[in-house]
Amino acid sequence: MSNEIETTFPPLACVILAAGRGTRMRSEIPKVLHPIANSPMITHVVSACGALNPANVMVVVAPGMDAVEKAVAPHRCVKQSEPLGTGDAAKAAQETLKDFDGDIIVLFGDAPLVTTEALRRLQLKRSETGADIVVSGFTPEDPTPYGRLVLDSRENLIAIVEAADATSQQRDIRLCNGGVMLFEAKTLWTLLGQINPVNAKGEYYLTDCIALAGEARKTCVVVPFPPDQVLGINTRCELAKAEKLMQQRLRGNAMLNGATLIDPETVYLSADTKIGRDVTIGPNVVIGRGVEIGDKVEIRAFCHLEQVRIDNGAMIGPFARLRPGTVVGAHVHIGNFVELKNAKVDSGAKINHLSYIGDATVGARANIGAGTITCNYDGFRKHLTQIGSEAFIGSNTALVAPVKVGDGAFVGAGSVITLEVPSKALAVARGRQTNIKDWARRFREEKVPKKEPPTH
Ligand code: UD1
Ligand code: CA
């Protein structure tokens, strides 16, 4: 029996604001869909919330952001018809959540590095202090653009002053609003009903709720957040910075979960990468979306993987490219300059050098010689190549699909295989070798004039 005390929190809803225009990205696609670790930015926020088991996760979008709605499904989206500020955006969730009895975390879709643990700390702080509102605070190196947190002598938060509206004295405050806030639900809706756009930007500021809370005798407290967690993305430079931080986090998690990364800084992972125990990943490996790696797999330097499953004990690379739809069985060896696409390679098979195997099945323990190519495309359609178990394909073979090589069959090197090779047969499909006796000697004699004997 565990003797840990589980803190129980009030029911929770999360409201993610994502209706901002994001003009500084200079992009056709909504800012929150720009990927970090190969997943749309906003999906990181959604999963950080999801792990808190909230009753509700809602995303506030602008009209026309159908692609965002798709990316966050099955979570609900509500629309903010005009970008009138963060307070107005939060109000867009009111209709759905007006009777919700619990706490609401409001956070931003363009701050993708927030973690579940950090959000949990907001809940903890509320249950410890009984405060009605908990705000994430951080101390950035450069506080210029952020809302400043004004505390009283007992460290209670009494106001958030936006940068554009701050007095020079307030601008000296280093403690800033990270953007993530937790509200008791009824308090949020009451306060949002009172905010007005009388400020430097003419916007409804969510942050104005704090000063209004004081008037309503509600209490507000601050929880410190590490600056990384609240990094907001406005430009592609910040996107790159977030990518870097996310990669560091993913690498750290992979190592803590039992993978060896020989040179972690050069390995790129995806948010959904699954890595087993005792996996070794060499330098300069790029792992795209949808990759699942079993136990004791070795991925050597300079491999590129996307949408593949690699089973226990397989050895990949160096310099292998594994493309979508590929399944590499247990203890398979995939060597240098091998490209696999939509290929199912069964356990113990070897494809060690310079091959393209696409739209194919390779049976257990088959050996695919250097330079084997599946000719899967006829200019119009893709066709399947089936190679049986324990088949042996000689070097530099072209397998013209659709074609089948039976179990245990041999294919002679340099063959162009267009017909089925029966199980256990040998297929040789190349010009027969002819040797012409003395041809080379005669050829040379014709070309090279006989030397005159020296005259004395
Ligand atoms: C906000 C905070 C500021 C804090 C900073 C942290 C306010 C008024 N200010 O400022 O105190 O220090 O974040 O990064 O809240 N959004 C909408 N609809 C709108 C406006 C914004 O959905 O009408 C969304 C945006 O898409 C974005 C988020 O709200 O995801 C934050 O908006 P943004 O304009 O970036 O706020 P900041 O000025 O950065
Ligand atoms: Ca911002």
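These figures come from a predicted structure and were not determined experimentally.

With that out of the way, let us pick up the overall build of the protein. From N to C terminus, the protein includes 10 helices and 33 strands. For the protein, whose C-alpha radius of gyration is 32 Å, the value lies well above the compact-globule estimate of 23 Å for 456 residues. Structurally, the protein occupies a C-alpha span of about 115 × 70 × 45 Å along its principal axes. Here the protein holds 456 residues, and 46% of them are scored as buried. Sequence-distant contacts in the protein: of pairs separated by 6 or more residues, those separated by 24 or more amount to 42%. Counting 51 positive and 49 negative side-chain charges, the protein places the averaged centre of each group 9 Å from the other.

Attention now goes to the site of ligand 1. Neighbouring residues of ligand 1: 21 residues in total, closest Q80, G85, T86, E162 and N177. Backbone polar atom of A19 to an oxygen atom of ligand 1: 2.8 Å apart, as the coordinates give it. Take G147: an N or O atom from its main chain is 3.0 Å from an oxygen atom of ligand 1. With the chains in place, 85% of the 750 Å² that ligand 1 exposes on its own is no longer accessible.

Our next topic: the nonpolar core. Residues I104, I105, L107 and L119 are the most contacted members of the largest nonpolar core, which totals 71 residues. Looking at this core, the element that brings in the most residues is strand β1 (residues 12-17), giving six residues. The contacts of I104, once residues within four sequence positions are left out, are A13, V15, L97, M181, L182, F183, A185, L188 and W189. The next biggest cluster of nonpolar side chains, apart from the first, holds 58 residues, and it includes M246, V267, V297 and V338.

Per-residue confidence for the protein averages 96 on the pLDDT scale, and 99% of its residues sit at or above 70. At the level of individual helices and strands, the protein shows its lowest average pLDDT in helix α10 (residues 439-447), which scores 95, and its highest in strand β22 (residues 326-328), which scores 99.

This next bit is on the side chain of S136. Turning to its location among the elements, S136 is positioned in strand β7 (residues 133-138). Looking at S136, the relative accessible area reads 0%, which means it is buried. With residues up to four places along the chain from it excluded, the contact list for S136 reads L122, L149, C176, N177, G178, G179, V180, V223, F225 and V230.

What follows concerns the pattern of salt bridges. Within the structure shown, the criterion is met by 12 salt bridges. Of the charged contacts, one joins E339 and R323 as a salt bridge, the two residues approaching to 2.6 Å between their closest N and O atoms. In this pair, E339 is assigned in strand β23 (residues 333-345) and R323 in the loop between β21 (320-322) and β22, connecting sequence segments 16 residues apart. You can call E339 partly exposed: its relative accessible area is 24%. With relative accessibility at 24%, the residue R323 sits in the partly exposed group. Here D438 and R441 are joined by a salt bridge, their closest N and O atoms 3.5 Å apart. One connected set of salt bridges, linked through shared partners, spans D438, R441 and E445.

All right, on to the layout of surface pockets then. What the second largest pocket holds in volume is close to 390 Å³. Lining the second largest pocket we find 17 residues, and of these H44, S47, A48, M246 and A271 sit closest to its centre. Those elements giving two or more residues to the lining of the second largest pocket turn out to be α1 (41-50), α5 (116-129) and α9 (236-256). Taken domain by domain, the makeup of the lining of the second largest pocket includes at least three residues from each of domain 1 (12-230) and domain 2 (236-427).

The full count for this structure, using the stated rule, is five aromatic pairs. Ring centres of F138 and Y146 lie 5.0 Å apart, and the angle between their planes is 80°; on these two criteria the pair is classed as edge-to-face. Residue F138 is classed as buried on the basis of its relative accessible area, which comes to 5%. By relative accessible area, Y146 is classed as partly exposed at 28%. Relative to F443, the ring of W439 lies with its centre 5.0 Å away and its plane at 10°, an arrangement referred to as stacked. Of this pair, W439 and F443 both sit in helix α10, four residues apart, which is roughly one turn of that helix. Three or more aromatic residues link up through ring pairs in this structure, and these residues are F302, F319 and F337.

So, how was this worked out
Residues numbered from 1 in each chain as written. Chains lettered and ligands numbered in written order. Predicted model: local features only at pLDDT ≥ 70, side-chain atom pairs only at ≥ 80, totals over all residues. Heavy atoms only, no water. Helix = DSSP H or I, 4+ residues; strand = E, 2+ residues; numbered from the N terminus. Rg over C-alpha atoms; globule rule 2.2 N^0.38 Å. Buried < 20%, exposed > 50% of the residue type's maximum accessible area, 1.4 Å probe, protein only. Contact = heavy atoms within 4.5 Å. Lys, Arg positive; Asp, Glu negative; His and termini not counted. Charge placed at Lys NZ, Arg CZ, Asp CG, Glu CD. Near = heavy atom within 4 Å. Polar contact = N/O pair within 3.5 Å; in protein donor to acceptor, adjacent residues only side chain to side chain. Areas by Shrake-Rupley, 256 points an atom, 1.4 Å probe, with all protein chains shown as cover. Core = buried A, V, L, I, M, F, W, Y, C linked by side-chain atoms within 4.5 Å. pLDDT = per-residue confidence, 0-100. Salt bridge = Lys/Arg side-chain N within 4 Å of Asp/Glu carboxyl O. 1 Å grid on protein atoms, 1.4 Å probe; cavity = no way out; pocket = protein on both sides within 12 Å on 5 of 7 lines; lining within 4 Å. Points joined across faces, edges and corners; volume = space filled by probe spheres on them. Domains from an automatic or database assignment. Phe/Tyr/Trp six-rings, centres within 6.5 Å; stacked < 30°, edge-to-face > 60°.

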